[in-house]
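A look at the structure
Each chain, letter by letter, is given below.
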Amino acid sequence: MKLHRPAVSVYTVPTDAPEADGTLDWDTTTVVLTEVTAGEATGTGWTYGPPAVGDFLRDQLAPLVEGRTALDIPATHHAMVRSVRNAGRPGIAACAISALDIALWDLKARLLELPLARLLGTVRERVPVYGSGGFTTYHDTHLAAQLNGWVHGQHIPRVKMKIGESRGRAVARDVARVRTARHVIGEQAELYVDANGAYTRKQAVRVGHALAEHGVGWFEEPVPSDDLTGLRLVRDALVCDIAAGEYGYDLPYFASMITAGAVDCLQIDATRCGGITEFLRAAALAQAHGLEVSAHCAPHAHAAVAAAIPNLRHIEWFHDHVRIESMFFTGALDPTGGTVRPTAGTGHGLTLRTDDVEEYRVA
């Protein structure tokens, strides 16, 4: 069964409040979607990135994919990767490949009339999630309401917040906000922080020791993720787990991070790394080195593959993307109780609300 040329659409959605982390601020989020058809079935994939991802997908990848065999995803993935040699894989090209690869897996599962999680083969029926948001732009009342909603409203027993405000120049406020968060969620819930690479090496160690008093067990990107030596230094100095990997666009990136001993838990993003195909490979690489993995953002793109990973820790229930995916698709998952179950329906179980989201379309 042959693939038709994929369709591409780009949407920009305003955030529900100004958002920022330690090194970036934003008030909109752009999602690039692709739909690929074979026979009577259509698969949908997506990524988060600039509109240029859609242009690249439409102009460079869609003609390459057209006419290929729908069920032979590894061959199509390999062809896409080879085709971007001169353009460069990291960044825009990798995000475009990722969106199309996710669509191909969704399509294959629908052609076989299976849930995607069943096609991949499950290790678990339910996938653990953690609530993620707590942006540095949130005042304390907003922060408390969001964390309270996850922990006490939806009974998600683990949450993450942003620190490193103003590129690491507001440490006192960072620590005060963490203290507030711990008070809100109580002593039993797990508390994670994400600095988005805002701190210097020794600064991150000092902050990490201060956060330990509040039971922080996960310190994400305490220094820039490309500073593997710095990540290893911080990892060796602190008791909490160090996590990074969300900017991995290919397998060698993950191999370098693992062999450097830079992390306790490897983050992988299927909407960036090359889709579900490469996510599985990166997770296997981590398992070979005794590491767990955590899926970064885009929770509905990760739920099925997360169910298939033996060394999974959890997936990120990221506020921005949860909001968009719930708006854009029917079939959105319910994280109440701290897990989601991705085994209903066919494919990844989501259907695009085309008419409802037209107002956000920009290309």
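Placed above this text is the structure.
Note that the structure is a prediction, hence the values are computed from the model and not measured. (Residues numbered from 1 in each chain as written. Predicted model: local features only at pLDDT ≥ 70, side-chain atom pairs only at ≥ 80, totals over all residues. Heavy atoms only, no water.)

**Considerations on the pattern of salt bridges**
By the definition in use, this model includes 20 salt bridges. Here Lys162 makes a salt bridge to Asp194, at a shortest N to O gap of 3.0 Å. Linking Lys162 in strand S5 (residues 158-162) with Asp194 in strand S6 (residues 190-194), this pair joins segments that are 32 residues apart in sequence. Take Lys162: its relative accessible area is 6%, and that puts it in the buried class. The buried category is assigned to Asp194, whose relative accessible area is 1%. A salt bridge links Arg272 to Glu246; its shortest N-O distance comes to 4.0 Å. Here Arg272 is found in helix H11 (residues 270-273), whereas its partner Glu246 is found in the loop between strand S8 (241-244) and helix H10 (251-259), with 26 residues between them in sequence. Among the residues examined, Glu246 registers a relative accessible area of 3% and is labelled buried. Look at the salt bridges and you will find they share partners, linking Lys160, Lys162, Asp194, Glu220 and Glu316 into a network. (Salt bridge = Lys/Arg side-chain N within 4 Å of Asp/Glu carboxyl O. Helix = DSSP H or I, 4+ residues; strand = E, 2+ residues; numbered from the N terminus. Buried < 20%, exposed > 50% of the residue type's maximum accessible area, 1.4 Å probe, protein only.)

**Considerations on the packing of aromatic side chains**
Counted by the stated rule, this structure contains 11 aromatic pairs. Aromatic pair Tyr130 and Tyr192: ring centres 5.3 Å apart, planes at 70°, arrangement edge-to-face. One end of the pair, Tyr130, is in strand S4 (residues 127-133); the other, Tyr192, is in strand S6, with 62 residues separating them in the sequence. Grouping residues by exposure puts Tyr130 and Tyr192 together as buried. Arranged with centres 5.2 Å apart and planes meeting at 25°, the rings of Tyr192 and Trp218 form a pair that is stacked. With Tyr192 in strand S6 and Trp218 in strand S7 (residues 216-220), the pair connects residues that are 26 residues apart, well separated along the chain. (Phe/Tyr/Trp six-rings, centres within 6.5 Å; stacked < 30°, edge-to-face > 60°.)

**Here we look at the environment of His319**
Relative to the elements of secondary structure, His319 occurs in helix H14 (residues 319-328). Given a relative accessible area of 18%, His319 falls into the buried group. His319 sits 173 residues away from Gln146 along the chain, and the two C-alpha atoms are 9.3 Å apart. If we skip the residues at most four places from it in the chain, His319 touches Asp16, Glu19, Ser132, Phe135, Tyr138, Gln146 and Trp150. Within the structure, His319 has its side chain in polar contact with the side chain of Asp16 (distance 3.0 Å). (Contact = heavy atoms within 4.5 Å. Polar contact = N/O pair within 3.5 Å; in protein donor to acceptor, adjacent residues only side chain to side chain.)

**What about the side chain of Arg124?**
Relative to the elements of secondary structure, Arg124 occurs in the loop between helix H4 (116-120) and S4. Despite its burial, Arg124 pairs with no opposite charge, the nearest such side chain being Glu292 at 7.4 Å. One polar contact links the side chain of Arg124 to the main-chain carbonyl oxygen of Ala306, over a distance of 2.8 Å. Within polar-contact distance, the side chain of Arg124 engages the backbone oxygen of Ile309 at 2.7 Å. Discounting chain neighbours no more than four positions away, the residues touching Arg124 are Ala306, Ala307, Ile309, Pro310 and Leu312. (Lys, Arg positive; Asp, Glu negative; His and termini not counted.)

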